Amino acid sequence: MSFLDNLIMGFGVALTPETLLACAIGVTLGTAIGVLPGIGPIVGISLLLPLTFDLSPTNALVMLAGIYYGGLYGGSTAAILLNLPGTPSAAATCLEGYPMAKSGRAGVALLLTTLASFVGGTFSIIVMMAFSVPLTSLALAFGSAEYFSMMVLGLIAAGAISAGSPTKGMAMVLLGLLLGIVGTDVETGQFRYTFGFMQLADGISLVVLAMGLFGVSEIMFNFASGTAKPTMKASDITVRSLLPSRDEMRRSWPAMGRGSVLGAAIGFLPGAGATIAAFIAYAVERKISTEPHRFGKGAVEGLTSVEAANNSAAQAAFIPTMTLGIPGNAVMALMMGALMIHGITPGPLIVSEQPQLFWGLIASFWLGNLFLVVLNAPLVVVWVRLLTVPYNVLFPIILFLICIGVYSINNAPFDIVLVLILGFVGYLMRLADLPPASLMLGFVLGPLLEQHLRRALLLSRGDGSVFITHPISAGFLLMAVAVLIWSFRTRKRLA
Amino acid sequence: MSSRSKLTPDRLGGVALTFTGLAAAALATEYRIGTLGQMGPGFFPILLGLLLAALGLKISLAPTPTEPRLLPRPPWRAMVLIALGIGLFAATIDRLGLIIATASMVYVVSYADLRTTWRSAIMLSVTVSTAAVFIFIWLLDLPIHAVWR
């Protein structure tokens, strides 16, 4: 089937009324979630995951993906208007976006953000369409040794790059891998770490883990920092003078191009993601600028490049998740969990066996980005209003949504208690500066990693050299070692 | 007092991870370990546990930065009330139904914020439980009882 046929089929799926509706609901909810501090895309997707059980797998995934990139968009809105990054990647948006807003250019910043996100997203979607098929055929040649080594690379990258300290990141990956073991061993039926609780026989639910570590702990942490999130004033924000000047446009276009390419390249790597892409894009803009003194005071290219990069990376991250079954970050891990709940195993076969789902999802990305442009530009005022909800009203509602969301998965009160315990664990992890996102990735990949390790060694009759004698596997491991050395050395230099 | 012996959050975290790793490895010795070619269910967890213990040790022994972050005072009031509220929800949802579980949970956790008055707590708890019934039972048709059975 040709590229064009796939494209047409994809749009055929994405343009059906139900899918279109799922996409629209997803991006709108996502934007709201992104604007509100305290519920990031991980908590948002976990909250809404149980509600997609009745949808078809395609619609469910389209909606959840919409929440993700809609969330990035909403995060930028809050970052520009109030210097509050609603999502981690929006922290880079604050750097130039907020100074622009302070100097009365908020409308311009928001419009350019929307435009840059659209450009970045579109670029990355084209890359996805072109590369997922060749990548899939490569992945079909993978054996257990290759899969194992690739996951090792992904986990090391996630642990070493994303966090402040590589040692802490790696420790969290290991803790996640251990938590992933809880439950019944698939090969022998042995219960592991269940402590006599039958409720743990199927393992810890991904949603419970995500809501505990990210949702409950965030609320506790907000009380700890004593701020309990101040009430926002929306009155002084007006969206006037939306149109950017000629000079601003001239600076923006090439920056968007650079951001898009960087984002797609970084998002594709396992373990990296939108946040890293955004910060690297910002650093690059600053480095190549002929007038670096403008940065930090509302340099428009620093904003558009960052926005193009984070959106481009967000979309590109779907490639390894869908075609290899290897999620690159915590949000993708949740996406993969959602797919599996719907009875679909992500992996190289997904493109040939579920072409409707795969191409439909990709086409929906583009439509979703279009929705964001059309729907959200006029809705900015509404999103800002959302920020005026006082925290003492917001946090009980979030806690209630966590409780009901967790309960609705298995109708098990046990899971609610578990989410509370994990909330305390997450709070302690935050105190010690241990990154929960690395833990999530380890948790999702743990069972797969063990399975492929066992299988590879079974086939080689216990000969550990298979991982080095297979060239692709050896290549992955070599890269993993390089990442590890590089991260510890740059860390040393910074310290 | 030398800077090495200061009790920083980092150091405590490292110690906790070391213990977790050792405990995980110790528990996993109960499972069959097997050989490299025929791995039992104990092999992988023991390996992970020991690696985690090693990294935990490395974190706990790292030299303290010149300006160590201090342990913030834990928000006891909020933590206790949140735990109590969530616990109430878990204890009541099966038998007493969604309305009572939601209302009591929202009421209790509301007091975690010092600005909450009894009036605002009741208002919020009534609003959220009404909306909960409407959204989760009528609209989404989740298999949850609204009241006791």
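The rules behind the values
Residues numbered from 1 in each chain as written. Chains lettered and ligands numbered in written order. Predicted model: local features only at pLDDT ≥ 70, side-chain atom pairs only at ≥ 80, totals over all residues. Heavy atoms only, no water. Helix = DSSP H or I, 4+ residues; strand = E, 2+ residues; numbered from the N terminus. Rg over C-alpha atoms; globule rule 2.2 N^0.38 Å. Buried < 20%, exposed > 50% of the residue type's maximum accessible area, 1.4 Å probe, protein only. Contact = heavy atoms within 4.5 Å. Areas by Shrake-Rupley, 256 points an atom, 1.4 Å probe, with all protein chains shown as cover. Lys, Arg positive; Asp, Glu negative; His and termini not counted. Charge placed at Lys NZ, Arg CZ, Asp CG, Glu CD. Salt bridge = Lys/Arg side-chain N within 4 Å of Asp/Glu carboxyl O. Polar contact = N/O pair within 3.5 Å; in protein donor to acceptor, adjacent residues only side chain to side chain. Buried area = accessible area lost by both parts, 1.4 Å probe. Nonpolar A, V, L, I, M, F, W, Y, C, P; charged D, E, K, R; others polar. Core = buried A, V, L, I, M, F, W, Y, C linked by side-chain atoms within 4.5 Å. Axes fitted to C-alpha atoms, helices over the stretch in contact; angles between N-to-C directions. Left-handed = near helix turned anticlockwise from the far one by under 90°. Phe/Tyr/Trp six-rings, centres within 6.5 Å; stacked < 30°, edge-to-face > 60°. Lys NZ or Arg CZ within 6 Å of the ring centre and 35° of its normal.

## A look at the overall build of chain A
Then, number 1: Looking only at helices and strands, chain A features 20 helices and 2 strands.
Then, number 2: Rg of the C-alpha trace for chain A: 22 Å, near the compact-globule value of 23 Å for 495 residues, within the 12% margin.
Then, number 3: For chain A, the spread of C-alpha atoms along the three principal axes comes to 70 × 55 × 50 Å.
Then, number 4: When burial is assessed residue by residue, chain A has 63% of its 495 residues classed as buried.
Then, number 5: Taking contacts inside chain A between residues at least 6 apart in sequence as the whole, the part at least 24 apart equals 77%.
Then, number 6: In the form shown here, chain A has an accessible surface area of approximately 18,200 Å², with 69% of it arising from carbon and sulfur atoms.
Then, number 7: Taken as two groups, the 24 positive and 21 negative side-chain charges of chain A have centres that lie 14 Å from each other.

## Regarding the pattern of salt bridges
It is possible for side chains of opposite charge to pair when their charged atoms get near one another.
Residues and elements named next belong to chain A.
Then, number 1: In this structure the tally under the stated criterion is 15 salt bridges over all chains.
Then, number 2: Between Arg454 and Asp185 there is a salt bridge whose closest N-O contact spans 3.1 Å. Taken together, the residues span a long stretch of sequence, with Arg454 in helix 18 (residues 436-459) and Asp185 in the loop between strand 1 (183-184) and strand 2 (191-192) at a distance of 269 residues. Neither residue differs from the other here; Arg454 and Asp185 are each classed as buried.
Then, number 3: Connected via shared salt-bridge partners are Asp247, Arg250, Arg251, Glu291, Arg294 and Glu301.

## A word on the side chain of B:Thr102
Then, number 1: Along the polypeptide, B:Thr102 turns up in helix 3 (residues 76-110).
Then, number 2: One polar contact links the side chain of B:Thr102 to the main-chain carbonyl oxygen of B:Leu98, over a distance of 2.7 Å.
Then, number 3: Once residues lying within four places of it in the same chain are set aside, the contact partners of B:Thr102 are A:Phe400, B:Phe89, B:Val128, B:Ser129 and B:Ala132.

## Remarks on the interface of chain B and chain A
Then, number 1: Each partner contributes to the interface: chain B provides 58 residues, whereas chain A provides 59 residues.
Then, number 2: Carbon and sulfur atoms make up 79% of the surface buried where chain B meets chain A, a total of about 5,000 Å² over both sides.
Then, number 3: Here chain B and chain A share 1 salt bridge between them.
Then, number 4: The residue B:Asp10 makes a salt bridge to A:Lys168 at a minimum N-O spacing of 2.9 Å.
Then, number 5: Here chain B and chain A share 8 residue pairs in polar contact (both at pLDDT 80 or more) between them.
Then, number 6: Going through the elements one at a time, helix 1 (9-28), helix 2 (43-61), helix 3 and helix 4 (118-139) of chain B are the ones with two or more residues in the side of chain B that touches chain A.
Then, number 7: Per-class residue counts for the side of chain B that touches chain A are 42 nonpolar, 9 polar and 7 charged.

## Points about the nonpolar core
Then, number 1: Grouped together as the largest cluster of nonpolar side chains are 163 residues, with contacts concentrated most on A:Phe318 and A:Phe400.
Then, number 2: Here the element with the most residues in this core is helix 3 of chain B; it accounts for 14 residues.
Then, number 3: If we skip the residues at most four places from it in the chain, A:Phe400 touches B:Phe89, B:Leu98, B:Thr102, B:Met105, B:Val106, B:Val128, B:Ala132 and B:Phe136.
Then, number 4: If you look at the next biggest cluster of nonpolar residues, it comprises 13 residues, including A:Ile80, A:Met100, A:Val108 and A:Leu112.

## With respect to the packing of helix 3 of chain B against helix 4 of chain B
Residue and element names in this part refer to chain B.
Then, number 1: Interhelical geometry of helix 3 versus helix 4 gives an angle of 145° and a closest axis separation of 8 Å. The crossing of helix 3 and helix 4 is right-handed. Taken together, the residues of helix 4 that come into contact with helix 3 (itself represented by Leu98, Ile99, Thr102, Ala103, Val106, Tyr107 and Ser110) are Ala121, Ile122, Leu124, Ser125, Val128, Ser129, Ala132, Val133 and Ile137.
Then, number 2: Looking at the contact of helix 3 with helix 4 residue by residue, the class counts come to 12 nonpolar, 4 polar and no charged.

## Points about the environment of B:Phe89
Then, number 1: Examined against the element boundaries, B:Phe89 turns out to sit in helix 3.
Then, number 2: For the pair formed by B:Phe89 and B:Ser104, sequence separation is 15 residues and the distance between their alpha carbons is 7.4 Å.
Then, number 3: Dropping the residues within four chain positions of it, B:Phe89 is found in contact with A:Phe400, A:Cys403, A:Ile404, A:Ile416, B:Ala101, B:Thr102 and B:Met105.

## Details of the packing of aromatic side chains
Residue and element names in this part refer to chain A.
Then, number 1: Using the criterion set out here, one finds 20 aromatic pairs over all chains in the structure.
Then, number 2: Measuring from ring centre to ring centre gives 6.5 Å for Phe11 and Trp366, while their planes differ by 80°; the resulting arrangement is edge-to-face. One end of the pair, Phe11, is in helix 1 (residues 3-14); the other, Trp366, is in helix 15 (residues 355-386), with 355 residues separating them in the sequence.
Then, number 3: For Phe11, a relative accessible area of 24% corresponds to the partly exposed category.
Then, number 4: Considering the side-chain rings of Phe318 and Phe365, the 4.7 Å spacing of their centres and the 55° angle between planes classify their relative orientation as tilted. Of this pair, Phe318 sits in helix 12 (residues 318-324) while Phe365 sits in helix 15; the two residues are 47 residues apart in sequence, bridging distant segments of the chain.
Then, number 5: Overall, the relative accessible area of 0% leaves Phe365 in the buried class.
Then, number 6: Taken together through their ring pairs, the aromatic side chains of Tyr68, Tyr69, Phe318 and Phe365 make up a single cluster.
Then, number 7: Over the face of the ring belonging to Phe221 we find Arg430, whose NZ or CZ atom lies 5.4 Å from the ring centre.

Note that every value here comes from positions in space, so none of it alone points to a role or purpose.
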